[in-house]
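# Descriptive structure summary
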Amino acid sequence: MNPTAALSALSQESSQAINTPALLQVSNLTVDFQEDRQRFFRAVDALSFEVPERTTVALVGESGSGKSVTALSLLRLLPQKIARIHSASRVLWQGQDLLTQSPAFMRHLRGAGISMIFQDPMTSLNPVFTVGQQLTEGLRVQSRMSRRQALVRAQELLQEVGIPEPQRRLRDYPHQLSGGQQQRVMIAMAISAHPRLLIADEPTTALDVTIQRQIMELLMDLQQRHAMAVLFITHDLGLVGEMAHQVVVMRHGRVCESGSVSQIFQHPENPYTRALLACRPPLSSRPWRLKTIEDFMSPTQGHASPAHLTAPLSGDPRPEGGIVGRVPVPDPGSTQRPRGLAPQEHILLTVAHLEKRFPIAQGLFGKRDFLALKDVSLTLVKGKTLGIVGESGSGKTTLGLTIAGLLQADAGEIFFAGERLPATVGQRSMAMRRRIQIVFQNPFASLNPRFTVAHILSEPLLLHHQGRSDAERTRHSVQLLDRVGLARSALKRYPHEFSGGQRQRIAIARCLALQPEVLICDESVSALDVSVQAQVLNLLQDLQDEFGLAYLFISHDLAVVHYMADQVLILREGMVVEQGDSDQVFSRPQEPYTQRLLQAIPRDPTGVL
Amino acid sequence: MNLSAFLIRRLWQMIPTLLGVVLLVFVLFNWVGGDPAYLLAGKMAGPQALANIRHQLGTDLPLWQQLLVFIQQILTLDFGNSWATQEPIAQIFRTRLGPSLTLLIPMMLLETLLAVCIALLVAAFRGSWLDRSLMVVSTVLMSISLLVYIIVGQYVLAFLWGWFPVKGWSDHWAHNLTTYAVLPILMGLMVSVAPSVRLYRTFILDEINQDYVRTARARGLSESRVLLVHVLRNAAIPIVTNVLMGLPGLLTGAFLLERFFAIPGIGREIILAVERSDFPLIKAATIGVAVATLLTNLLGDLLYRWLDPRVHLD
Amino acid sequence: MGASNPDLATPSSANPPREEEYSAGLWTLAWRRLRADGVGLISLGVVGAYVLLALLAGLGWVAPHWSAEVGTHYAPPSWMGTSAREPDFATAPQPVWPGSVDLYGLQDPLADLLARIHTEPGASLVLIEAPRRTTLPLGADKWGHDVLAKTIQGGATSLQVGLFSAVLATVLGTLMGALAGYWGGKVDDAFNWLYGVLTAVPYLLLVFAIAAVLHQKGTSTLILILGLTGWTGVFRLMRSEYLKHKSREYVLAAGALGASHWRRMFLHILPNTSHVILVQLSQNVVGFIKSEVILSFLGFGVPVDAVSWGSMLNEAQNELILGKWWQLAAAGVAMAVLVTAFSLLTDALRDALDPRLKS
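Here is what the cut-offs are and how they apply
Residues numbered from 1 in each chain as written. Chains lettered and ligands numbered in written order. Predicted model: local features only at pLDDT ≥ 70, side-chain atom pairs only at ≥ 80, totals over all residues. Heavy atoms only, no water. Helix = DSSP H or I, 4+ residues; strand = E, 2+ residues; numbered from the N terminus. Buried < 20%, exposed > 50% of the residue type's maximum accessible area, 1.4 Å probe, protein only. Domains from an automatic or database assignment. Pairing = 2+ DSSP bridges. Expected span 1.5 Å × (residues − 1). Contact = heavy atoms within 4.5 Å. Buried area = accessible area lost by both parts, 1.4 Å probe. Salt bridge = Lys/Arg side-chain N within 4 Å of Asp/Glu carboxyl O. Polar contact = N/O pair within 3.5 Å; in protein donor to acceptor, adjacent residues only side chain to side chain. Axes fitted to C-alpha atoms, helices over the stretch in contact; angles between N-to-C directions. Core = buried A, V, L, I, M, F, W, Y, C linked by side-chain atoms within 4.5 Å. Phe/Tyr/Trp six-rings, centres within 6.5 Å; stacked < 30°, edge-to-face > 60°. pLDDT = per-residue confidence, 0-100.

It is worth spelling out unusual backbone geometry at this point. Residue and element names in this part refer to chain A. Despite not being glycine, Asp-375 shows a phi value in the positive range, around 50 degrees. Along the chain, Asp-375 falls in strand β13 (residues 367-381). Even without being glycine, Gln-515 reaches a positive phi, approximately 45 degrees. Examined against the element boundaries, Gln-515 turns out to sit in the loop between α17 (500-512) and β18 (518-522). Using a relative accessible area of 55% as the deciding quantity, one classes Gln-515 as exposed.

By the assigned domains, chain A splits into domain 1 (133-192) and domain 2 (349-600). Placing a centre on the C-alpha atoms of domain 1 of chain A and another on those of domain 2 of chain A gives a separation of 42 Å.

On to the pairing of strand β5 (residues 90-93) of chain A, then. Residues and elements named next belong to chain A. Of the two faces of β5, only the one carrying Val-91 and Trp-93 is buried; Arg-90 and Leu-92 on the other face are not. Bridge analysis of β5 against strand β6 (residues 96-97) gives two bridges, and the strand direction is antiparallel. Residue pairing in the sheet places Leu-92 in a bridge with Asp-97 of β6. Counting the residues between successive antiparallel strands, the hairpin from β5 to β6 contains two residues, one of them, Gln-94, with a positive phi of roughly 50 degrees.

Moving on, we come to helix α6 (residues 185-200) of chain C. Between the first and last C-alpha of α6(C) there are 22 Å, a value that for 16 residues agrees with the 22 Å anticipated at 1.5 Å per step. The set of residues buried in α6(C) consists of Asp188(C), Phe191(C), Tyr195(C), Gly196(C), Val197(C), Leu198(C) and Ala200(C). Looking at the buried positions of α6(C), the neighbouring elements they touch are α1 (3-32) and α14 (279-307) of chain B together with α5 (147-183), α7 (203-213), α8 (219-229) and α9 (232-246) of chain C.

Time to look at the interface of chain C and chain B. Every contact between the two is made by 45 residues of chain C and, on the other side, 49 residues of chain B. Counting the surface lost from both chain C and chain B, the interface buries some 4,200 Å², and carbon and sulfur atoms represent 78% of this. Inspection of the region where chain C meets chain B yields one salt bridge. A salt bridge links Arg198(B) to Asp347(C); its shortest N-O distance comes to 2.8 Å. Where chain C touches chain B, the interface holds six residue pairs in polar contact (both at pLDDT 80 or more).

All names here are of chain A. One open sheet accounts for six strands, arranged β17-β18-β19-β14-β20-β21; its pairing is mixed. Both outer strands of the open sheet, β17 (436-439) and β21 (575-581), are each paired with one neighbouring strand and no more. With direction set aside, neighbouring strand axes in the sheet form an average angle of 15 degrees. By the bridge criterion, five bridges tie strand β14 (residues 385-390) to strand β20 (residues 567-572) in an arrangement that is parallel. Directly across from Leu-386, in β20, lies its bridge partner Gln-567. Sheet contacts for helix α18 (residues 530-547): β14, β18 and β19 (550-555); angle to β19, the most-contacted strand, approximately 155 degrees.

Turning next to the nonpolar core. Core analysis: the biggest nonpolar cluster contains 160 residues, and Leu256(B), Leu298(C) and Trp309(C) have the highest contact counts within it. With 15 residues, the single largest contributor to this core is helix α14 (residues 326-353) of chain C. Contacts of Leu256(B), omitting those with residues within four sequence positions, involve Leu146(B), Leu147(B), Ile150(B), Ile294(C) and Leu298(C). Counting 87 residues, the second-largest nonpolar core is a separate cluster that includes Trp93(A), Leu198(A), Met220(A) and Val247(A).

Buried residues dominate helix α15 (residues 453-463) of chain A, accounting for nine of its 11 residues. Residues of α15(A) that are buried in the fold lie against α14 (430-435), α16 (470-483) and α17 of chain A together with α10 (249-257) and α11 (261-272) of chain C. Immediately beyond the C-terminal end of α15(A), within one or two residues, lies His465(A), with a positive phi of roughly 50 degrees.

As a further point, take the packing of aromatic side chains. Under the definition given, this model contains 17 aromatic pairs over all chains. On the basis of an interplanar angle of 50 degrees and a centroid distance of 5.2 Å, the ring pair of Trp161(B) and Trp163(B) is categorised as tilted. For Trp161(B), a relative accessible area of 51% translates into the label exposed. Both rings, one in Phe191(C) and one in Phe235(C), keep their centres 6.4 Å apart while their planes meet at 45 degrees; by these two values the pair is tilted.

Moving on: the confidence of the model for chain A. Residues and elements named next belong to chain A. Considering every residue of chain A, the mean pLDDT works out to 85; 89% of them sit at 70 or more. Overall, residues 300-308 carries pLDDT values under 50, and its contacts beyond four positions in sequence, including any with other chains, amount to 26 contacts. In this model, residues 311-330 is a region of pLDDT below 50 whose contacts with residues beyond four sequence positions or in other chains number 32 contacts.

To continue, consider the environment of Gly249(B). Summarising the element assignment, Gly249(B) is placed in helix α11 (residues 223-253). The sequence separation of Gly249(B) and Val289(B) amounts to 40 residues, and the corresponding C-alpha distance is 9.0 Å.

What follows covers the pattern of salt bridges. Counted according to the given criterion, the structure contains 45 salt bridges over all chains. Between Arg280(A) and Asp557(A) there is a salt bridge; the shortest N-O distance is 2.9 Å. With Arg280(A) in the loop between α12 (271-279) and β12 (347-361) and Asp557(A) in the loop between β19 and α19 (558-564), the pair connects residues that are 277 residues apart, well separated along the chain. The residue Arg217(B) makes a salt bridge to Glu223(B) at a minimum N-O spacing of 2.9 Å. On the basis of relative accessibility, which here comes to 41%, the residue Glu223(B) falls in the partly exposed class. One network of salt bridges, in which partners are shared, links Asp32(A), Arg42(A), Asp45(A) and Arg254(A).

Here is the structure:
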C-alpha cells in the first residue's frame, strides 16, 4: 500500500468507526505480574484502545512498555500462575468480553477469530514437525478438513504468502527454511482459518532489513485482501508510518497518546511521543547531536532511572550540547555535523586482505572451511569513524573480533600506525593491547556479573600497572564514571543493578580507562531502546570529539551508521561490497546490493522521520 | 552424509576409548593388583608352587607380553577360565545374560512408562500442590537406600506375607518373569522411578516454556493436544537418549537385586568375582560392559538424530 | 545536554539507595533467596546438624565408645521397655530364612578379623565393668553395642567419606573441565579421552574392580577410590560451562584489556560457574554416601573395625529375621533423613543460585 492509499483508507475507516462498534475494544486493561510472594509488578495499567474493522492499529513502545503483555492478554495466553488481570478490565470482541469466556470459547476464537504471529519465527515453529504437518494440523483439528483437503489448502496458503515451490516446502522442517520463509509460514498458519484480527507481535524484529521489507509488504497486502484488522506491535516507529492507520504509543504500561498516523507523526502532543520521533537518527540530515528524551520531558516527568546512579546535574558547568572548554560546539539545534575525510588525514589502522575461516566437519573424516571473511581490506583514520554495515551472516562481528585479536586471522595483515600487529591479543604487547579496545553488543553479557563496578573499572588499570595505589585507581574510576555520566555511588554496585544503557556506559568507561586510540563498537547500541540509543550515541560522539578516538562502528542499522560514520564499508557474505565516504555511499550507492539495502529502510509517509 | 559412513566414523572413533579401557583394566589387574599367585595358592604354598601358578597364569611374562596376551584374549573373545570355578568365562557370560535381561528389560520398560506418565501429570499441574507434594515424595523415596527396600520388602512382602517367593530362579523364562522377577523389579522401581520422574519433568518443563508451545496455543489447539503432541514429541528426544544411555548402568546396577534374590545374572556374577578375587572374570566383565556401553551410546546417538530433524549425520 | 544524562531504567531496578554500603552481590542475593525458601532452610539446618554431630563424634566428644558392649544382647529400645515380648523365634518353630547370601562354600573373608575384634578388645575398646543394661535408647545389637552410638559413628563415617570424596571429585572435575573447555584442541581431546574411558565402564563396576585389586581397606582408600573415579559428571558440566563462558563478551573484553589466560580462567570464569560447582558438590555428597553404604554393605568399603551405615545394614539384614528391627530402622532412617535433606538442599541451592532467575 502506498502512503497516500494508507492515508485515504484511514480517513475512510475513521468515518466508519463512528457508526459501527469496533471489532475489538479494550478498556481499562490492567495486568500485574507476581515478582515474589508479596511484590507485584504492574505491566499494563488501565489501558484502553480499540481496533476497528479492516484497520491496522500499531501498538508502539520501548521495552517494558507492556505492549507484548497486552497482546498476549487479549488471547488470554499469559501464564496464569504469575499474571493477574484485574477484574475491572474489559476486552470486548464484537460486544463479548473475552476475559470472562470459557476456555473452550477462547480455544475456538484463537486462530479462527483472532490469530497471532510472533517475533522469532525460528523458535515459534515446532522444530520436530514439518511445515506441512504444522499447517495441516490446524486445518484438520479446527476446520475439520480431511487430510487430502488440508494438504491442498496448505499448498494454497504457502503460495499465497509467497513461498516458491510450496509442494516441496511442505515436506521441509522449519530449520531448513530461511528466517523470512519461516515468518511466511507463520503468517500462512495465522491466516489459514480466515481470522478477522491478526495480532503481529514484532514480526520483523528478528529479520534482516531487506527481509523485513518483504514481510511488511506481505502483511499489508494480506490485510487488504482478507479485509482483516491488524494489531501491529512494534518498537520501531519507522515501520508504523508505512504500515498502520492508527497508532497507540505506550510507555510503562500506559497509553501516552493515540490517534491517526498523520496526527501522531505530524502533530504529536505528548512529549514522550515527540521524543520518540526525534531521537532516531534521521536519514535526511545529520544534526550536531541527537535529541534525547530529556529534551522533551521535564526531569520530574515519569523518570524511572534511579537518580542516585547518575552524576549530579545541579551546578554542572556544562551547558546543553557539549562540554565547555573542550570542543567548540555550535548550536545543537541548527548545525549539521560534517562527515567525511579531509584531504590530509592520519591513518591509524590498516587492514589488508584479511581472511578468516571456521572449520566445519564434513564427510567421513574430512573438514571443510567456512569462509567468514574473504580478502577484507580497510583503513581507519585518526579521530574518525568507519561504519561497517552488513546483514546477519555478513561477517561484520567476525571482522571486529579479528581486528581486536580475539579471533586469529588465517591470512592478511593488520597495521597499527605503521607497525604490524600480531594476529592474537595474546601475542600483542601490553602497549599494543591498550590502543585497541572493543565495546560489545549485549550490555548484559559484557560485564562480569560477579564483579563490582569498582572492580570492573580498576581491573584494566591494575593489568596495565597504572595508578600506584587502590585509592588512586578508585579516584581514576570515579573520573571515568563521571565522564560517562554515572555517579560515584555506582562503584559499589554490581552490574545486574543497572539498566542496559547504564551498563553500556560502564563498558565504555572500562575501555576509556586505558586511553585507547581505536574503539571497536560491535553493534554497541543495537540492544538498546531508541531513547537510550540516542544518549549512548551522543556520549560516543562526545568522547570522539574530546579524545580524538577512531571508531570502527559495526552495525546492521543503516540510519545509525549514516549518523555516526565518516566512511562506510558494506559487507556481504564476508566480502566488501562497497566502500567509501558516508555521504557518497548513502546518496549515490554504486552496487545493486547497497541500493537494495537502502531502499529497504522503512520511511514514513509523512516524512517526519 | 549417509548412515553407513556415519557408523564407520563413529566405530572408528571408539577405538581409542576401547584401548583406554583395555589399558585401564590391564594396569589395574596386572600391575596394581600385585601378584595373584599368593591369592590363589594360599598361605602354605612353597616357592615352586608359586612359580607353577605364575607360569600357568602367564604372569611370569614381561608386562608387554601380558598386555598382548590380554588383547589377543579380547579379540578372540576367549578369556580363559574362571579362577574360582574353572568354568570358561565366555560360557559364564552366555548363561548369565538371560536372567539379567529377564530382570532388566521389563524393569526398564516399566520404569520409562511410569516415569513419563507421572512426569507428564506433574508437568500438566506444574506449580500446584500435586506437583510440589509429588516432588517431595519422590525425593524421599529416592533417598531411602535400595538396601533398605530390599531387606524390608523381602522380609515383609515375601517372608511374612508370602506374596512372592523370597528368592530363587527356575529354568523357564516365563515362569521367572511372572514369579521370581516380580519382587526384584518392584524393589528396583522403588528407587529408579523417582529420579527419572524428576529428570523427565525438567525435560518437559523446558519444552513447555518454548515459543512454539505459545504458537500452538495461539492457534486454538487444546491443552491436551499441546502437551501430548507438541511438547511430548520434543521432550521425547532427551528422554529416549537418557533411557538408552542408562542401560549399561542398569546391567551392573541390578547386581544388588540379583544378589539378594539369587538370580543367576551377570551382576551377581561380578559381585561374586570381586569377593573371590576372580580377576579374569572381572577383566572380561569390564571390557564386555564397556563395549556394550559404547554400542548403546552409539545407538542412542542414532536414535537422537532420527528423532531430531535439526541434527544431521555428521 | 551533556553525557551526564540518566538512562531510562526499567522501573524494577529502582531500589532505595544506600550510599555507603556495598550493594548486594549475587551471593548475597542467592543467600536471601535460600533464606526465603522454607524447605531449603530446614534442609540446611538438618544437614548442618548431621555435620556437627559427625564432627563431634569424630573428635570423640559424642558417642566415643560405640564398640563398648554396654547392653544385653539385642536389648530393645528403651521406650519399648524390657517387658517387650520376646520375638517369635523363641516360641514358634522358626521358618528357614533363606534371605542371607550364600557364600558358595567360601570362607567369610572377614571372619578372622571379626573374631579377633570380638575376642581381644583392642586399644580402642574400653572394658565396661558395669552391669549390662537391659534397654538402650535405640536398642542394642547382637553384641550389646549401643545402636544409637553406632548410628552416630556410622553417620560420621558416611559423611566423612561422602564429603571428602565429593570435594576431591569436584576439585578434579572442575580443574580438568576448566582446562579442557577453555583450551579446547589437543588438551580437550586428551581429557575427553580420559572421560570417555572412565564413563565407558559403569561407575560401580569400576569401583568394584578397583576394590578387588586393592587389598588394603580403609576410609582414606575408599575416599580416594570414589573421588578419583567420580569426577566425570563434574567434568562434563564444567567443560561445557567453560566452553560457553570463554566466548562470552565479558571474557572477550577481559582478553582485550590484557588479562592473562590464568586470570580469565580462574578470576573471571570460575566465579561465574560457582553455582554449578556448588550444586554438583552437594549432589556428589549424596551419591557418594549412597555408594559408600552399598560398598560397606558388601564388605568392600570401610574396614571392619569402623562402623558405617552400610555395615549396620549388613548386620541388620540377619537381625530382622529374629524380629530385631531397630538397628535396621536406625541406620535406614538416619540415612534417609540425611539424603533427603541433602537432596532438597541441592534443589534449593539450584533455585537460589541459578543466575537465570535474577533477570
